[in-house]
Amino acid sequence: MLLVALCTFFGPTGPVSAQAQQTHLPIVGRLFVAVGADVRAGPVIDWSDDWNTSAAVGPRARLGFHHIITESLSMNAEAAIGATYLSDHPMAPTGQADAEIAFDWSVAVLARRMPIGPRRGWTFAGGPHYRNLSLAQGSLIQFGVEGRIGYSVWTDDERFFIVELGIHMPLIEGLNIAQHAMAPEAPLEENWTLPSASLGIQWAF
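Residues numbered from 1 in each chain as written. Predicted model: local features only at pLDDT ≥ 70, side-chain atom pairs only at ≥ 80, totals over all residues. Heavy atoms only, no water.

1. Section: the layout of surface pockets
Step number 1: Roughly 190 Å³ of internal volume is contained in the largest pocket.
Step number 2: Its residues assigned to classes, the lining of the largest pocket comprises four nonpolar, three polar and three charged. (1 Å grid on protein atoms, 1.4 Å probe; cavity = no way out; pocket = protein on both sides within 12 Å on 5 of 7 lines; lining within 4 Å. Points joined across faces, edges and corners; volume = space filled by probe spheres on them. Nonpolar A, V, L, I, M, F, W, Y, C, P; charged D, E, K, R; others polar.)

As structure tokens, this is what we get:
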């Protein structure tokens, strides 16, 4: 009888305690908030006369959401805001603008392949993006696509961070000068483009 009493009293304590420590929310279906930063850079390519390039580079802060759809797929909505330095460039009504620092923001919606079960692994993402660069002589507006490759690491408290490299290609772009005093009556010849790449990190919790 004493042995039965001891087993009844002490027996469940170990398993119940272990189960309580292992209890966690299911990962699939969860929504994570993500914060981070990136550095985006790219050449302004001008092919109007000779082939010329100028530099555009700057830091930005990121804020977004990760919705885990399956054990290998998530959807990522993200906004970024910051500043970009541009050397002398052709994105102006006159075809030439001085070096400047421009307010830069963008939004993107990405489908992301990312392992959920393993603690770490490669992640791939792609989708559409919109970018607005507030230049001194107008606003550069871009609609395009971007692709990213990175590495994700899950922590013990079921959070994760991603370090990734992105490539951003504009499909439609133009300079909005409707509110500018130097806006010409005839449409501009925009013989330039601004592709870019980014190196970023984000923390999801």
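2. Regarding unusual backbone geometry
Step number 1: Notably, glutamate 158 is not glycine yet its phi reads approximately 60°, a positive angle.
Step number 2: Take glutamate 158: it is sitting in the loop between strand E6 (138-154) and strand E7 (160-176). (Helix = DSSP H or I, 4+ residues; strand = E, 2+ residues; numbered from the N terminus.)

3. Let's talk about the pairing of strand E9 (residues 196-204)
Step number 1: Covered by surrounding structure in E9 are Ser196, Ser198, Gly200, Gln202 and Ala204 only, the residues Ala197, Leu199, Ile201 and Trp203 on the alternate face being uncovered.
Step number 2: Pairing of E7 with E9 involves nine bridges; the strand directions are antiparallel. Bridged to glutamate 164 within E9 is glycine 200. (Buried < 20%, exposed > 50% of the residue type's maximum accessible area, 1.4 Å probe, protein only. Pairing = 2+ DSSP bridges.)

4. Here we look at the pattern of salt bridges
A side chain with one charge can pair with a side chain of the opposite charge if their charged atoms come near.
Step number 1: Summed over all chains, the structure comprises twelve salt bridges.
Step number 2: The shortest N-O distance in the salt bridge between arginine 131 and aspartate 104 comes to 2.9 Å. Taken together, the residues span a long stretch of sequence, with arginine 131 in strand E5 (residues 120-135) and aspartate 104 in strand E4 (residues 100-113) at a distance of 27 residues. With respect to class, arginine 131 is no different from aspartate 104; both count as buried.
Step number 3: In this structure, arginine 159 and aspartate 157 form a salt bridge, with 3.7 Å as the shortest nitrogen-oxygen distance.
Step number 4: When its relative accessible area of 36% is taken as the criterion, arginine 159 is described as partly exposed. (Salt bridge = Lys/Arg side-chain N within 4 Å of Asp/Glu carboxyl O.)

5. Focus: empty space enclosed by the protein
Step number 1: For the structure shown, the criterion picks out one cavity of 30 Å³ or more.
Step number 2: Within this model, the largest cavity holds a volume of roughly 40 Å³.
Step number 3: If you trace the largest cavity, you find it lined by Arg40, Arg60, Glu78, Ala79, Ala80, Ser106, Val107, Ala108, His129, Glu146 and Arg148.
Step number 4: For the lining of the largest cavity, the class distribution of residues is four nonpolar, two polar and five charged.

6. What to know about the side chain of asparagine 76
Step number 1: In this structure, asparagine 76 sits in strand E3 (residues 73-86).
Step number 2: Only 3.1 Å separates the side chain of asparagine 76 from the side chain of arginine 112, close enough to count as a polar contact.
Step number 3: With residues near it in sequence (within four places) discarded, asparagine 76 still touches Phe65, His66, Ala108, Val109, Leu110, Arg112, Arg148 and Gln202. (Polar contact = N/O pair within 3.5 Å; in protein donor to acceptor, adjacent residues only side chain to side chain. Contact = heavy atoms within 4.5 Å.)

7. Observations regarding the side chain of glutamate 78
Step number 1: By the element assignment, glutamate 78 lies in strand E3.
Step number 2: Among the polar contacts listed, one links the side chain of glutamate 78 to the side chain of arginine 148, at a separation of 2.7 Å.

8. So, the packing of aromatic side chains
Step number 1: Enumeration over the complete set of coordinates arrives at seven aromatic pairs.
Step number 2: Taking the centre distance of 5.3 Å and the plane angle of 65° together, the rings of phenylalanine 32 and phenylalanine 160 count as edge-to-face. Placement of phenylalanine 32 in strand E1 (residues 31-46) and of phenylalanine 160 in strand E7 is noted, with a sequence separation of 128 residues between them.
Step number 3: On the basis of relative accessibility, which here comes to 0%, the residue phenylalanine 32 falls in the buried class.
Step number 4: You can call phenylalanine 160 buried: its relative accessible area is 1%.
Step number 5: Members of the aromatic cluster, joined through ring pairs, are Phe32, Trp154 and Phe160. (Phe/Tyr/Trp six-rings, centres within 6.5 Å; stacked < 30°, edge-to-face > 60°.)

9. Describing the pairing of E3
Step number 1: Residues Ser74, Asn76, Glu78, Ala80, Gly82, Thr84 and Leu86 of E3 are buried on one face, while the alternating residues Leu73, Met75, Ala77, Ala79, Ile81, Ala83 and Tyr85, pointing to the opposite face, are not.
Step number 2: Across eleven bridges, strand E2 (residues 52-68) lies against E3 in antiparallel orientation. Bridge pairing in E3 places isoleucine 68 opposite serine 74.
Step number 3: Joining the antiparallel neighbours E2 and E3 is a turn of four residues.
Step number 4: In this structure, E3 lies alongside E4, joined through 14 bridges in antiparallel fashion. Bridge pairing links asparagine 76 to leucine 110 in E4.

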